[in-house]
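# Report on the structure
Spelled out from the first residue to the last, the chains are:
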Amino acid sequence: MIEIRRRDPLTQSEGVVAGYAHTAQRWPAQPLRRRPQTASELGKVNPLEKKLPLLRGDLAGHGAKRAIGQLINLRVRVVDEGGVPVQGALVEIWHCNAAGKYIHPNDSHDAPADPNFYGAARLKTGDSGLAELRTIKPGAYPVPDTGGWWRPPHIHFSVWGRVWLSRLVTQMFFPGEPLNEFDAILNAVRDPAARSRCIAGLAPTARGPRDTLVYDYQIVVRGRSASPGLP
Ligand SMILES: [Fe+2]
C-alpha cells in the first residue's frame, strides 16, 4: 500500500486559510477514501502531451503589438530534491496584465484589458531544467469582498510530472513588494525560509538585456527544499 506522506504544516499551507474564503471550497470536507486508479493516473497512458500542447514563449509582443508594462524575462528552473535539472517538464504559467486584470470571465476587477496581452503560456523545460518566458510584470489587484486585501504582483505556475496525478500548482512573487507582507496566500506558508523560496531573484541588471528585467525562479519538485504548494 502506498503511504500518503503527512503534510508539513510549516511548508505546506493548511487546507482552509483564514481570510481566504475560496480555500474552504478547495479542501475536502469529508474524510479521504481510496479508489482504484485509472490507466492515465498510473502513467500507463500519457495524454498530457496531446491534450496540453505547448503555447507561446513570449507574452509581451513587439512594436505596435507590445503589451503595456515593464518587460521581464522569467528564467524558471525545475530541479529535483538533489538539484538535478528536470528535463521535459511541462510548465504552465499564467498571470494578469500590468493593470491587474486577468483574461477570465470571473475577473470582475474594474481595470482595463490589454488587447496585446494574452496572459498564459505552456512551456517545456530543456536539458538544464530551464523554461524561459518573455512577458510583462503583472500588476497588483484587489480581491473582491475581502475588506481591502490586495494580491501583490505574482505569477501562477503549474508543473506537470509524468502522470496526471503528479502536478505542483504554486505562485511566484516578486522581491521587495510591500504587499507581500500582507498576502494571505503567501503567508499561508508559515515557515519564513519556505516563504522566501516563493520569491524570485532579480538578476544583475548590468548583465541583462537593455530593456528587460530578468528574474530567476527555481521550482524544486520534491524533497526538503520543495517549492511550497499554495492554496
Ligand atoms: Fe492571481
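Presented here is a report on the structure given in the accompanying data block.

## Observations regarding the sheet that holds strand β1 (residues 71–79)
Sheets are built from strands paired through backbone hydrogen bonds, the pairs being either parallel or antiparallel. Taken in spatial order, the four strands make up an open sheet running β4-β1-β10-β9, and their pairing is mixed. Of all the strands in the sheet, the pair left with one neighbour each is β4 (130–136) and β9 (201–202). One ladder, built from seven bridges, connects β1 with β4; its direction is antiparallel. In the strand pairing of β4, Arg 75 is matched with Glu 132.

## Quick look at the coordination of the iron ion
Each angle at a metal carrying four tetrahedral donors should ideally be 109.5 degrees, and each at a metal carrying six octahedral donors should ideally be 90 or 180 degrees. Within the protein, the iron ion binds to Tyr 102 (OH), Tyr 141 (OH), His 154 (NE2) and His 156 (NE2); these donor distances fall in the range 1.9 to 2.4 Å. Seen from the iron ion, its four donor atoms lie at angles of 93 to 161°, and the figure they make is irregular. Considered as a linear motif, the donors of the iron ion on their single chain read Y-x38-Y-x12-H-x1-H. Linking Tyr 141 in strand β5 (residues 141–142) with His 154 in strand β7 (residues 154–160), this pair joins segments that are 13 residues apart in sequence. For the pair Tyr 141 and His 154, one class covers both residues: buried.

## A look at unusual backbone geometry
Phi is positive for Arg 56, which is not a glycine, with a value near 50°. Here Arg 56 lies in the loop between α1 (48–51) and β1. Here the phi dihedral of Asp 145 falls at roughly 60°; this positive angle occurs in a residue that is not glycine. Within the fold, Asp 145 resides in the loop between β5 and β6 (150–151). By relative accessible area, which is 82% here, Asp 145 ends up exposed.

## A look at the packing of aromatic side chains
Taken as a whole, this structure holds three aromatic pairs when the rule is applied. Between Phe 174 and Tyr 215 the ring centres are 5.0 Å apart and the planes differ by 90°, which places this aromatic pair in the edge-to-face class. Of this pair, Phe 174 sits in the loop between β8 (167–173) and α2 (192–196) while Tyr 215 sits in strand β10 (residues 213–220); the two residues are 41 residues apart in sequence, bridging distant segments of the chain. The exposure class assigned to Tyr 215 is buried, which follows from its relative accessible area of 6%. Positioned over the ring face of Tyr 118 is Arg 56, at 3.8 Å from the centre of the ring.

Parameters and conventions
Residues numbered from 1 in each chain as written. Predicted model: local features only at pLDDT ≥ 70, side-chain atom pairs only at ≥ 80, totals over all residues. Heavy atoms only, no water. Pairing = 2+ DSSP bridges. Helix = DSSP H or I, 4+ residues; strand = E, 2+ residues; numbered from the N terminus. Donors = N, O, S within 2.8 Å, 3.2 Å for Na, K, Ca; no water. Tetrahedral: all angles 85-135°; square planar, octahedral: opposite > 155°, others 65-115°. Buried < 20%, exposed > 50% of the residue type's maximum accessible area, 1.4 Å probe, protein only. Phe/Tyr/Trp six-rings, centres within 6.5 Å; stacked < 30°, edge-to-face > 60°. Lys NZ or Arg CZ within 6 Å of the ring centre and 35° of its normal.

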